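In case you want the letters, here they are:
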Amino acid sequence: MELRQLEYFREIADTGSINEAARRLNMSQPPLSYQIRQLEEELHVRLFERSRRGVALTEAGRLLYGRAVNLLDYARSTQLEVAKAGRKRVLRLGITPTTVATVMPYITAFTRKNPDINFEVYDGSTYTLYDYLLGGILEVSVARTPLRLDEIECAVLQTEPMIAVSSPKMQAESAASLHLPDLLDRPLILYRRYEKLILDAFHAQNLEPDVFCICDDARGAMLWAEAGLATAVFPRSMQSLCGGLRVQTLAEPALETQIVLIWKKGGRLSPVAQDFLDICLAP
């Protein structure tokens, strides 16, 4: 299996068409089809279902696609790093969108101490960056609990509570903080990432919340809250999305989440990644 074949495979999967992929790759269709047949023969599987409308990934193809994207990204990153050897060092770092403000002071301090550093930053959810870390694409990543700890090492950068976000028209009270029983009379919007954590906290107090909506998009949920449909429950670092809304802290230790720095357990960090860890973990 060659990186070139994986590039061809990814282009076909992305376009859904061998002809269109050949056009984008600046090659003719027959040699492209031949390379894919060679790849299928080597792996002893069919990677595409072919029809008049184009091609679609088989189950085996979908599995290979995820791996191919990671391998190609890693190869590109390695190429850049090697090309800069002797001139600039590169730190491959993962950051989730809601943890940028937390990690930026550490990045600033690290850059001032190491002016020869370049960054290759990957944005994504905690789960996506976790997979990138285990796959070797990243050396270090910022993440948020809850997450699996059996394959990684981690260090806490910050602990924060959950907040209840609602339209000022929806609730009359102005208390700065709430407890879970205060939410029982409200329909709730829960971010799927924290659904289990939140529901477990309610159930531990023998409470049954009114879950109006479970969603994957925090920004969209804020629009629902702004419309007065429900109260959204999210980590406090998402407060920047809450302009014009009432924000109340949930004074519940069981709902606290941690922003953590993670790296692969048992892996050997590069000197630049170790330098970054040392700055982040300094007292």
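Residues numbered from 1 in each chain as written. Predicted model: local features only at pLDDT ≥ 70, side-chain atom pairs only at ≥ 80, totals over all residues. Heavy atoms only, no water.

## Brief notes about the layout of surface pockets
Here the largest pocket is characterised by a volume of approximately 410 Å³. Together, 20 residues line the largest pocket, and T96, P97, T98, Y191 and M238 are the ones closest to its centre. Looking at the lining of the largest pocket, the elements with two or more residues in it are α6 (126–134) and α8 (218–226). For the lining of the largest pocket, a count of residues per class yields seven nonpolar, seven polar and six charged. By volume, the second largest pocket amounts to about 170 Å³. Around the second largest pocket, the lining residues are Y74, R92, L133, G136, L138, E139, W263, K264, G267, R268 and L269. Of the residues that constitute the lining of the second largest pocket, the class distribution is five nonpolar, two polar and four charged. (1 Å grid on protein atoms, 1.4 Å probe; cavity = no way out; pocket = protein on both sides within 12 Å on 5 of 7 lines; lining within 4 Å. Points joined across faces, edges and corners; volume = space filled by probe spheres on them. Helix = DSSP H or I, 4+ residues; strand = E, 2+ residues; numbered from the N terminus. Nonpolar A, V, L, I, M, F, W, Y, C, P; charged D, E, K, R; others polar.)

## Some remarks on the nonpolar core
Membership of the largest hydrophobic core comes to 32 residues, with the highest contact counts inside it found for L183, I198, V233, F234 and L250. Broken down by secondary-structure element, the contributors of at least two residues to this core are β7 (162–166), β9 (187–191), α7 (195–204), β10 (210–215), α8 and β11 (231–235). (Core = buried A, V, L, I, M, F, W, Y, C linked by side-chain atoms within 4.5 Å. Buried < 20%, exposed > 50% of the residue type's maximum accessible area, 1.4 Å probe, protein only.)

## Examining the environment of N118
For N118, the position within the fold is in strand β4 (residues 117–123). Along the chain, N118 and L6 lie 112 residues apart, while their C-alpha atoms are 27 Å from each other.

## Notes on the sheet that holds strand β13 (residues 257–264)
Spatially, β4-β3-β5-β13-β6 is the arrangement adopted by the five strands of the open sheet, whose pairing is mixed. A single partner strand is all that each edge strand has here, and the edge strands are β4 and β6 (152–160). Between one strand and the next, the sheet's axes are offset by a mean angle of 20 degrees, whatever the strand orientation. Bridge count for strand β5 (residues 140–144) against β13 is four bridges, and the pairing is antiparallel. Of the residues in β13, the one forming a bridge with R144 is I259. Against the sheet, α6 makes contact with β3 (89–95), β4, β5, β6 and β13, and its axis sits at roughly 150 degrees relative to β5, the strand it touches most. Most of the contacts of helix α9 (residues 271–281) go to β3, to which it runs at about 55 degrees, and overall it touches β3, β4, β5, β6 and β13. (Pairing = 2+ DSSP bridges. Axes fitted to C-alpha atoms, helices over the stretch in contact; angles between N-to-C directions. Contact = heavy atoms within 4.5 Å.)

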